[in-house]
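# Commentary on secondary and tertiary structure
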There are 2 protein chains.
Amino acid sequence: MSKGITKRSEDYSAWYNELVKKADLAENSDVRGCMVIKPYGFAIWEKMQAEIDRMFKATGHSNAYFPLFIPKSYLSKEADHVEGFAKECAVVTHYRLKNAEDGSGVVVDPDAKLEEELIVRPTSETVIWSSYKKWIQSYRDLPILLNQWANVVRWEMRTRIFLRTSEFLWQEGHTAHATKEEAEAETIQMMNVYAEFAENFMAVPVIKGIKSESERFAGADETYCIEALMQDGKALQAGTSHFLGQNFAKAFDVKFLNKENKEELVWGTSWGVSTRLMGALIMAHSDDHGLVLPPKLAPIQVVIVPIYKGDEQFAAVSAKANEIKKALEAVGVSVKYDNRDTYKPGFKFADWEMKGVPVRLALGARDLENGTVEMARRDVVDPNNRNAGKKVVNFDEVVAEVQATLEDMQQGIYKKALDFRTEKTTKVDTYEEFKQVLDEKGGFVLAHWDGTADTEDKIKNETKATIRCIPLDDEAETGQCIYSGQPSARRVLFARAY
Amino acid sequence: MSKGITKRSEDYSAWYNELVKKADLAENSDVRGCMVIKPYGFAIWEKMQAEIDRMFKATGHSNAYFPLFIPKSYLSKEADHVEGFAKECAVVTHYRLKNAEDGSGVVVDPDAKLEEELIVRPTSETVIWSSYKKWIQSYRDLPILLNQWANVVRWEMRTRIFLRTSEFLWQEGHTAHATKEEAEAETIQMMNVYAEFAENFMAVPVIKGIKSESERFAGADETYCIEALMQDGKALQAGTSHFLGQNFAKAFDVKFLNKENKEELVWGTSWGVSTRLMGALIMAHSDDHGLVLPPKLAPIQVVIVPIYKGDEQFAAVSAKANEIKKALEAVGVSVKYDNRDTYKPGFKFADWEMKGVPVRLALGARDLENGTVEMARRDVVDPNNRNAGKKVVNFDEVVAEVQATLEDMQQGIYKKALDFRTEKTTKVDTYEEFKQVLDEKGGFVLAHWDGTADTEDKIKNETKATIRCIPLDDEAETGQCIYSGQPSARRVLFARAY
Ligand SMILES: [Zn+2]
Ligand SMILES: [Zn+2]
């Protein structure tokens, strides 16, 4: 914890990996591609989960739980779906081990071979729609508005903690509706829920849009998404919401009797966000000193560090520290009093800075005499000015000052990220300019595209930039495709992406 | 929903299965042994989780997340552990599917065979202690007090929803300590946390005790447990807490430098409760009309059913119903106003009775005139007396009456379960009597045992009764083993069990 981390400007990727490790967020396990989420990292995920779950329930959804395993034959039922997911899945073939005959340990028992292999869920549309077939008979059974919090597995060759892991945690919403209009409205509603969470809680501005056909979820008629921009100028897809049409209803034969007693196919949606959001949160705000967290998602919002010599000073400082802690907790602020006697204040300052605690209060014997405490805010750190972000606060103003500072930080880091994105969003009209911006400036590039998968593919192969989305909020503007010169109805959002 | 369920006295097992289905709690999936937990069942589990999680945090624990997959070789590192868990596990051998050459769907790609097979975790000691090896160097790194909420898989041949399923949800606590005393205290603390949860929230009285050696967790030096009694006279183990000694520290070479700078092995504990608690909750309290829930764990504590003819009455009744709902919610009571126009009141009454909603308020046009509402409590249902458990309550007393009734029910169903257990606990001094009580009365049987696994085994084979535990709270009383006649230091608790 004592040593710093690589600077973003030197090696962004090394900076990220070192930060994840030094802030005690997560680490790789011995199983390739599977991560261990450490307690501090998990506490941030829990804060995110709690808020997202509250938003789901406020929009009428309930949680449920479906099996981890999917029979192999289920995957094949929806043609596009199996193409998308069969390539990278964990396959269970046996259900027992036995002692090796040579005494070397345990081996797979060949007598315990499954008749049909089971796939560890990469996503649960197939298993859930096979349940919906049993649950849905009449229009009275609709809509079904479910979500599940679960682990899923997609076998990945190149992995990166939080951003791309073989096992990850996520929520997956799965809804069933009587009409197309209702399913479409649900799809858009959930995209908006994700955008609201990203902006108001993660303090990450996002662009809402529709995926091009080639980037669509395997089995969906339309994929909506929110796209965020990281500090290295690369985009990150932060959430997706899929309008499934009647595809899974057809694949699993899910029909209902409408009010006129006629049989119809059910309409579906699915939508998800994952522990990938942890990667977005880290990369959007953090600096060369470590993690920077929006106060609304910080497990510890305020840390109090005592400065003392000897037991007597420690007792006096602790009494006041605990009093301040109580007063802050009474107004809903989460506080840690770091009274460890095994570490010195300087170490603690660096440790909590690395972990992104928004506000630090330092309290010593001198402060007790003065009736003040030294407050430092995490979002203002200047290596050339030791006093940047610091402020001396009277005891009777601590609660109000802390509350105001937390609020100011939440707004401040959002605004900083938004200004960054604005600066890093470029409109280009030629392919030369397109490539130049990608190489020299990075960020989002708004350009005209002829709407064909062929052009999209060529641009991707030549520049590594993909269409992040067709933005929903931009006004239409006709033009010519930067690649083919063919007519285009609107600009789309390109970027190199995670 | 309209039809009833089999009576407990006719076929307890059928009663349980039908109740689980009709109360919309869960159902079997197409993957054998794996269940689907439906939204209403999951809402109960969420209430349990929230309370248990709060208790863990209040005792200093944090949540984390470890990989789903365990390398096969890890399992073998602790000799007893592998014996206990290798026999019933799901084994991942491949990481990809491919299209079948005959176009018949997808098949396992033989080129994608894993070098080392992965086991879907049956429990996570091995993967967690391999992390602890990296995390622990010094006494300053101890204790580690972690918990994880996760799914686990144990391949079961005979399964029963909630009680024994191949996949289940649970929490598993895993702690590491510098001293034996501290680890033992933690083990006992967590058993007490489980007992407190079972009694104060589930309203299920439990007996705390120690497992005999043959019933111990594979890899533990001592297993503490809480044992509950179901209405059919069978016991159910509701939670276990294991003192692991230094077994996993030895297996994974986890040592620390103590304050004197000497190397020592770390001490460990692990403890867990699972969705099995759902089975215990259902079987402890429910009746021939359906589920009976302790108010503290009921997702819906009060349901309001409107009785009306025509839109005008419906509007008037709804206005008052929503007013009552708001007033109850303001004091923290969860309320559902069942305003579905697709079902009649009689159907709704039976539906919510089946689902175990503690208090039902029926509100009609006549009630509006009288300024009253009809209140019915779920724990008092008498098929011979339509008015049993019913009460007419003035509008201005509804909130206080509901609160008092919920409190009274929480106490009342606990007392009922406790009285039942007291009546069904028998001290016996001969093997004849032992067998007679098991066959004719059931329940817990307190008897002397000579302490040998041989005797325990013979009794189990001859009577299907197992030693549930050596109770901690009973006074010692010497005697003679009912089977062998050898001396015994204390009675132990026998029962036939789930
Ligand atoms: Zn997009
Ligand atoms: Zn026991």
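Provided above is the structure to which this section pertains.
Residues numbered from 1 in each chain as written. Chains lettered and ligands numbered in written order. Predicted model: local features only at pLDDT ≥ 70, side-chain atom pairs only at ≥ 80, totals over all residues. Heavy atoms only, no water.

## A look at the coordination of the zinc ion (ligand 1)
- Bound to the zinc ion (ligand 1) are the protein donor atoms Cys225 of chain A (SG) and Arg468 of chain A (O), situated 1.9 to 2.6 Å from the metal. Of this pair, Cys225 of chain A sits in strand 12 (residues 222–229) while Arg468 of chain A is found in strand 24 (residues 466–471), placing the two residues 243 residues apart along the sequence. (Donors = N, O, S within 2.8 Å, 3.2 Å for Na, K, Ca; no water. Helix = DSSP H or I, 4+ residues; strand = E, 2+ residues; numbered from the N terminus.)

## Brief notes about the pairing of strand 10 (residues 167–177) of chain B
Residues and elements named next belong to chain B.
- With respect to burial, strand 10 is a largely interior element, 11 of its 11 residues being buried.
- The alternating pattern of strand 10 places Glu167, Leu169, Gln171, Gly173, Thr175 and His177 on one face and Phe168, Trp170, Glu172, His174 and Ala176 on the opposite face, and all of these are buried.
- The pairing of strand 9 (residues 144–153) with strand 10 spans 10 bridges and is classified as antiparallel. Its bridge partner lying in strand 10, Val152 is registered against Phe168.
- As judged from the 8 bridges shared by strand 10 and strand 16 (residues 267–274), these two strands associate in the antiparallel manner. Residue pairing for strand 16: Ala176 is matched across the bridge by Gly268. (Buried < 20%, exposed > 50% of the residue type's maximum accessible area, 1.4 Å probe, protein only. Pairing = 2+ DSSP bridges.)

## So, the sheet that holds strand 24 (residues 466–471) of chain B
Residues and elements named next belong to chain B.
- Read from one edge of the open sheet, 11 strands run 3-9-10-16-13-12-11-24-27-23-22, paired in mixed fashion. Where the open sheet ends on each side, the last strands, each with one partner, are strand 3 (62–63) and strand 22 (425–427).
- In this fold helix 2 (residues 39–58) packs onto strand 3, strand 9, strand 10 and strand 16, with an angle of close to 160° to the strand it touches most, strand 9.
- Contacts from helix 6 (residues 180–200) reach strand 9, strand 10, strand 11 (207–210), strand 12 (222–229), strand 13 (235–245) and strand 16, with the element oriented near 10° to strand 16. (Contact = heavy atoms within 4.5 Å. Axes fitted to C-alpha atoms, helices over the stretch in contact; angles between N-to-C directions.)

## Observations concerning the environment of Thr405 of chain A
Residues and elements named next belong to chain A.
- Following the sequence through the fold, Thr405 ends up in helix 12 (residues 398–423).
- Residues Thr405 and Ala489 lie 84 residues apart in sequence; the distance between their C-alpha atoms is 45 Å.
- At 2.6 Å, the side chain of Thr405 and the backbone oxygen of Glu401 are in polar contact. (Polar contact = N/O pair within 3.5 Å; in protein donor to acceptor, adjacent residues only side chain to side chain.)

## Concerning the relation of the copies chain A and chain B
- Relative to chain B, chain A is turned by 180° and slid 0.0 Å along the rotation axis, the superposed coordinates differing by an RMSD of 0.0 Å. What the superposition gives is, in effect, a two-fold axis relating one chain to the other. Considering only C-alpha atoms, the part of chain A nearest the rotation axis is Val92 of chain A, at 2.1 Å.
- Interface overlap between copies is the fraction of interface residues in one copy that are interface residues in the other; for chain A against chain B it reaches 100%, indicating a shared surface. (Least-squares fit on C-alpha atoms with pLDDT ≥ 70 in both.)

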